[in-house]
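This is what each chain is made of:
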Amino acid sequence: LRLLQLMNYFTYKAVRTVLTQLYEMNPPSYRWLYNFVAVNKPTDGKLFLRALGKERQELAERVMITRLSLYGKWIKKCDHAKMYEKISNENLELMRERLMETVIWPTDDTNTEKIG
């Protein structure tokens, strides 16, 4: 993933998290943000937060803080060396499987060809 895609993903996750929190604690703000998200999709995080900040700065700040927090939790859980090893091993396994599917193995019986 490119950095921008990762940032947009965490913006989206932060919006979902804030919506969940507001649903329980502040139904009017939940409804407002829900309607805002329906019109302004959070697929482009920067544009979304800019537009949200113009309408409700406190909600934009909450989403930004939540986004950073979610990223911080993710980065702590993510063991990069282990992830690299897992991806590398999976790639090798998939390539080995594909090779086994495409190779035609010689048989022990050399008289399999029919004459005539």
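Looking at an unreviewed UniProt entry, one finds the protein named Chaperonin-like RbcX protein and attributed to Aegilops tauschii subsp. strangulata.

Asks: Got a minute to help me understand the confidence of the model for the protein in this structure?
Replies: Keep in mind that low pLDDT regions are not for reading the predicted coordinates in detail. The share of residues in the protein with pLDDT of 70 or more is 91%, and the mean pLDDT across the chain is 88. Confidence scores differ between elements of the protein, with helix 5 (residues 80-102) showing the lowest mean pLDDT of 84 and helix 2 (residues 27-39) the highest of 97.

Asks: Honestly, helix 2 in this entry has me stumped. Any pointers?
Replies: Structurally, the α-helix is built with 3.6 residues per turn, so residues lying three or four positions apart point the same way. For helix 2, which comprises 13 residues, the first-to-last C-alpha distance of 19 Å matches the rise-based estimate of 18 Å (1.5 Å per residue) to within 8%. Looking at helix 2, one finds that the buried residues are Ser29, Tyr30, Leu33, Phe36 and Val37. Down the axis of helix 2, the buried set is contained in an arc of 130 degrees. They therefore lie on one face. Within helix 2, the exposed residues directed more than 90 degrees away from the buried face are Pro28 and Val39. Contact partners of the buried residues in helix 2: helix 1 (3-25), helix 3 (45-55) and helix 4 (57-77).

Asks: Explain helix 1 to me, please; I cannot follow it from the model alone.
Replies: Between its first and last C-alpha atoms helix 1 spans 33 Å; for 23 residues at 1.5 Å apiece the expected length is 33 Å, and the two agree. For helix 1, the complete set of buried residues consists of Leu6, Asn8, Phe10, Thr11, Ala14, Val15, Val18, Leu19 and Leu22. Turning to helix 1, the residues buried within the fold contact helix 2, helix 3 and helix 4.

Asks: Help me out: how do you make sense of the side chain of Thr66 in this one?
Replies: Position of Thr66 among the secondary structure elements: in helix 4. Beyond its immediate sequence surroundings of up to four residues, Thr66 is in contact with Ala14, Thr17 and Val18.

Asks: Quick question: what am I supposed to make of the packing of helix 1 against helix 3 here?
Replies: When two helices pack together, their arrangement is given by the angle between the helix axes and the distance between those axes. Put simply, helix 1 and helix 3 touch, their axes get as near as 8 Å, and they point 40 degrees apart. Comparing the axis directions of helix 1 and helix 3 gives the class oblique. Side by side, helix 1 and helix 3 meet where Asn8, Thr11 and Val15 of the first sit next to Gly45, Lys46, Phe48 and Leu49 of the second. Residues of the contact of helix 1 with helix 3, tallied by class, amount to three nonpolar, three polar and one charged.

Asks: Please explain the side chain of Ser29 as it appears in this structure.
Replies: Its location among the elements puts Ser29 in helix 2. For Ser29, the contacting residues outside a window of four places in its chain are Leu22 and Arg56.

Asks: Is there a simple way to think about the packing of aromatic side chains in this case?
Replies: For any pair of aromatic rings, the description rests on two quantities: the centre-to-centre distance and the angle between the ring planes. According to the stated counting rule, one finds eight aromatic pairs in the structure shown. Ring plane angle 80 degrees and centroid distance 5.4 Å describe the contact between Tyr9 and Phe10, whose orientation is recorded as edge-to-face. Residues Tyr30 and Tyr34 carry aromatic rings whose centres are separated by 5.8 Å and whose planes lie at 35 degrees to one another, so their mutual orientation is tilted. One end of the pair is Tyr30 and the other is Tyr34, both in helix 2 and four residues apart, which spans about a single turn. On the basis of relative accessibility, which here comes to 48%, the residue Tyr34 falls in the partly exposed class.

Conventions used here
Residues numbered from 1 in each chain as written. Predicted model: local features only at pLDDT ≥ 70, side-chain atom pairs only at ≥ 80, totals over all residues. Heavy atoms only, no water. pLDDT = per-residue confidence, 0-100. Helix = DSSP H or I, 4+ residues; strand = E, 2+ residues; numbered from the N terminus. Expected span 1.5 Å × (residues − 1). Buried < 20%, exposed > 50% of the residue type's maximum accessible area, 1.4 Å probe, protein only. Arc of directions from axis to C-beta. Contact = heavy atoms within 4.5 Å. Axes fitted to C-alpha atoms, helices over the stretch in contact; angles between N-to-C directions. Parallel < 35°, antiparallel > 145°, perpendicular 65-115°, else oblique. Nonpolar A, V, L, I, M, F, W, Y, C, P; charged D, E, K, R; others polar. Phe/Tyr/Trp six-rings, centres within 6.5 Å; stacked < 30°, edge-to-face > 60°.

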